[in-house]
Amino acid sequence: MKTPVRVAVTGAAGQIGYALLFRIASGEMLGKDQPVILQMLELPMEKAQAALKGVMMELEDCAFPLLAGMVGTDDPKVAFKDADYALLVGAMPRGPGMERKDLLLKNAEIFTVQGKALNDVASRNVKVLVVGNPANTNAYIAMKSAPSLPAKNFTAMLRLDHNRALSQLASKAGVAVADIEKMVVWGNHSPTMYPDYRFATVNGASLKDKINDADWNANTFIPVVGKRGAAIIEARGLSSAASAANAAIDHMRDWALGTNGKWVTMGVPSDGSYGIPEGVMYGVPVTCANGEYTRIEGLPVDDFSRAAMDKTLAELEEERAGVAHLLG
Ligand SMILES: NC(=O)c1ccc[n+]([C@@H]2O[C@H](COP(=O)([O-])OP(=O)(O)OC[C@H]3O[C@@H](n4cnc5c(N)ncnc54)[C@H](O)[C@@H]3O)[C@@H](O)[C@H]2O)c1
Ligand SMILES: O=C(O)C[C@H](O)C(=O)O
């Protein structure tokens, strides 16, 4: 049996937490031979802590063979202590009348505190995934608040967008999701993201050629994927949870266990390639092996793509400027 690893999850009593924790404890994220210790963070409010207690009781009742321990806390330094993996899900939701800017600032406070706590107490190899919105900028804030951890350890979740794009493409082209390779989603996890299937293949053949519909790409595919989160909220009255948790599992599993050469999308601090300034937390195609991600470099960028990639970059730069004064 392997030594247990420590997995911190924030917002553990929320919707995504409820769809996520049981799958981590059953081995779907890190493998069926990897014991885990769950370190769960919730707000100090009585209701949140009571709900967390209930989730922990249910985890106990599953008698998961891989669940080697559990910690429930309202203290980030307890939740992140020696954490090998940290899934930052908890965030302040947008309330009535709240501007995007207000949301950004409220979350900036949360992710500054959590970034500092990770910096102080987490494993030096901790792999951090930020799910809570605005995910890219929250990840950027956490990264900047943790100067003694490598910047590459901080990532933002674009995988839900990647998976949404795969399903839309599979349905349009009448092919199996599993047969599509080399899909990319560039930029911010927001409606400005740019899902890009120029390089995608199905069983080795070009998917773009097979679909051959530029109008569908610009006027249906890109907006449908970009606005899918809002469509789910409209339909359910709540934001996506099971699919978001599933994407978080996909992201962490691939990062930890590898993709066997398959491209996946991760929001990672830019290395300056593709004209994206260094440090911006931007969705790019990667492969993963041996616990590390490697960007796919050198893809051609045509005029349409340049405009789309710059639009989502401009939004990220605006978000970054909005929180710059908090980051010192
Ligand atoms: N990146 C993505 O693709 C994606 C997809 C879906 C949802 N999301 C985002 O994920 C976040 C969580 O969604 P949800 O549906 O689970 O929300 P939720 O409101 O059901 O749960 C969030 C939980 O986080 C807790 N929380 C808030 N601030 C916290 C803090 N500082 N520390 C610890 N816990 C805290 C709350 O008490 C709550 O229990 C939201 O920001 C949502 O917009 C992102
Ligand atoms: O779109 C949202 O606000 C929720 C979430 O980020 C999603 O993409 O489902």
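Residues numbered from 1 in each chain as written. Chains lettered and ligands numbered in written order. Predicted model: local features only at pLDDT ≥ 70, side-chain atom pairs only at ≥ 80, totals over all residues. Heavy atoms only, no water.

What counts, and what does not: UniProt positions are given in the numbering used here, feature names are shortened, and annotations may be inferred rather than shown by experiment.
The chain appears in an unreviewed UniProt entry as Malate dehydrogenase from Agrilutibacter niabensis. The record in UniProt for the chain states the following under Catalytic activity (unreviewed entry): "(S)-malate + NAD(+) = oxaloacetate + NADH + H(+)".

## What to know about the overall build of the chain
Quick reminder of the rule: Numbering of helices and strands runs from the N terminus, with a helix taken as a DSSP run of H or I at least four residues long and a strand as a DSSP run of E at least two residues long. Our radius of gyration is a C-alpha quantity, and the globule rule it is checked against amounts to 2.2 Å times the number of residues to the power 0.38. Working definition: with a 1.4 Å probe on protein chains only, accessible area under 20% of the residue-type maximum means buried, over 50% means exposed, and in between means partly exposed. We call two residues in contact when some of their heavy atoms are within 4.5 Å. The method behind every accessible area is Shrake-Rupley, applied with a 1.4 Å probe, and residues are considered shielded solely by the protein chains displayed.
Across its full length, the chain holds 11 helices and 14 strands. Taking 2.2 N^0.38 as the reference for a compact globule, 328 residues should give roughly 20 Å; the C-alpha atoms of the chain span a radius of gyration of 19 Å, in line with that estimate. With the principal axes as the frame, the chain shows a C-alpha extent of 55 × 45 × 40 Å. With 328 residues in all, the chain has 54% of them scored as buried. Pairs at least 24 apart in sequence give 74% of the contacts found in the chain among residues at least 6 apart. Only carbon and sulfur atoms are counted for the fraction: they give 54% of the accessible area of the chain, which is about 14,200 Å².

## Comments concerning the nonpolar core
Keep this limit in mind: The definition of a nonpolar core used throughout is a set of buried Ala, Val, Leu, Ile, Met, Phe, Trp, Tyr and Cys residues joined through side-chain atoms within 4.5 Å.
Ranked by size, the top nonpolar core spans 79 residues in total, and within it Val-7, Leu-59 and Leu-87 carry the most contacts. Leu-41, Val-128, Ala-146 and Met-281 belong to the second-largest nonpolar core, a separate cluster that totals 28 residues.

## A look at the site of ligand 2
Heads up, the rule is: Here, proximity means that at least one heavy atom of the residue falls within 4 Å of the molecule or strand. Counted as a polar contact is a pair of N or O atoms within 3.5 Å, where, for protein atoms, one must be capable of donating a hydrogen and the other of accepting one, and residues adjacent in sequence contribute only when both atoms are in side chains. Here a cavity denotes grid points, spaced 1 Å and computed from the protein atoms alone, that fit a 1.4 Å probe unable to get out, and a pocket denotes an open set having protein on both sides within 12 Å along at least 5 of 7 lines; residues with an atom within 4 Å of a point are the lining. In this scheme, a molecule is assigned to a cavity or pocket if more than half of its atoms are within 2 Å of the grid points.
In the vicinity of ligand 2, the contacting residues are Asn-133, Arg-164, His-189, Gly-229, Ile-233, Ser-239 and Ser-240. Within the side chain of Asn-133, a nitrogen or oxygen atom sits 2.8 Å from an oxygen atom of ligand 2. Here an oxygen atom of ligand 2 sits 2.6 Å away from a polar atom, N or O, in the side chain of His-189. Protein burial of ligand 2: of its 260 Å² of free accessible surface, 73% is covered by the chains. Most atoms of ligand 2, that is more than half of them, are within 2 Å of grid points of the largest pocket.

## Things to note about the sheet that holds strand 11 (residues 205–206)
Heads up, the rule is: When DSSP finds at least two bridges between two strands, those strands are taken to pair.
The strand order across the open sheet formed by three strands is 7-10-11, and the pairing between neighbours is antiparallel. The outermost strands of the open sheet, each flanked by one partner alone, are strand 7 (180–181) and strand 11. Inspection of the sheet shows strand 10 (residues 201–202) paired to strand 11 by two bridges, in the antiparallel sense. In the sheet register, Thr-201 faces strand 11, and the bridge partner there is Ser-206.

## Some remarks on the site of ligand 1
Applicable threshold: Gly falls in the polar group here, along with every residue not listed as nonpolar (Ala, Val, Leu, Ile, Met, Phe, Trp, Tyr, Cys, Pro) or charged (Asp, Glu, Lys, Arg).
Looking at ligand 1, there are 23 residues lining it, with Gln-15, Ile-16, Glu-42, Val-131 and Asn-133 nearest. A distance of 3.2 Å separates a nitrogen atom of ligand 1 from a polar backbone atom of Val-131. Protein contact buries 83% of the 860 Å² of open area that ligand 1 shows by itself. In this structure, ligand 1 is accommodated by the largest pocket. Looking at the shell around ligand 1, its residues break down into 12 nonpolar, 10 polar and one charged.

## Things to note about unusual backbone geometry
For residues besides glycine, phi is generally negative; the peptide bonds are generally trans as well. Geometrically, the link from Asn-133 to Pro-134 is a cis peptide bond, its omega value of -10 degrees lying close to zero. Inspection of the secondary structure assignment puts Pro-134 in the loop between strand 5 (127–130) and helix 5 (135–144). Even without being glycine, Asn-212 reaches a positive phi, approximately 45 degrees. For Asn-212, the location among the structural elements is in the loop between helix 7 (207–211) and helix 8 (214–226).

## Focus on the pattern of salt bridges
Keep this limit in mind: Note on definitions: salt bridges are taken to be side-chain nitrogens of Lys or Arg within 4 Å of carboxyl oxygens of Asp or Glu.
Inspection of the entire model under this criterion finds 15 salt bridges. Close ionic contact of Arg-23 with Glu-28 constitutes a salt bridge, the shortest N to O distance being 2.9 Å. The class of Glu-28 is partly exposed, set by a relative accessible area of 32%. Residues Arg-164 and Asp-161 are paired through a salt bridge, measuring 3.8 Å at the closest nitrogen-oxygen approach. Taken as a pair, Arg-164 and Asp-161 lie in helix 6 (residues 159–173) at a separation of three residues, close to a single helical turn. A single burial state applies to Arg-164 and to Asp-161, both of which are buried. Sharing partners across several salt bridges, the network here consists of Arg-159, Asp-250, Arg-253 and Asp-254.

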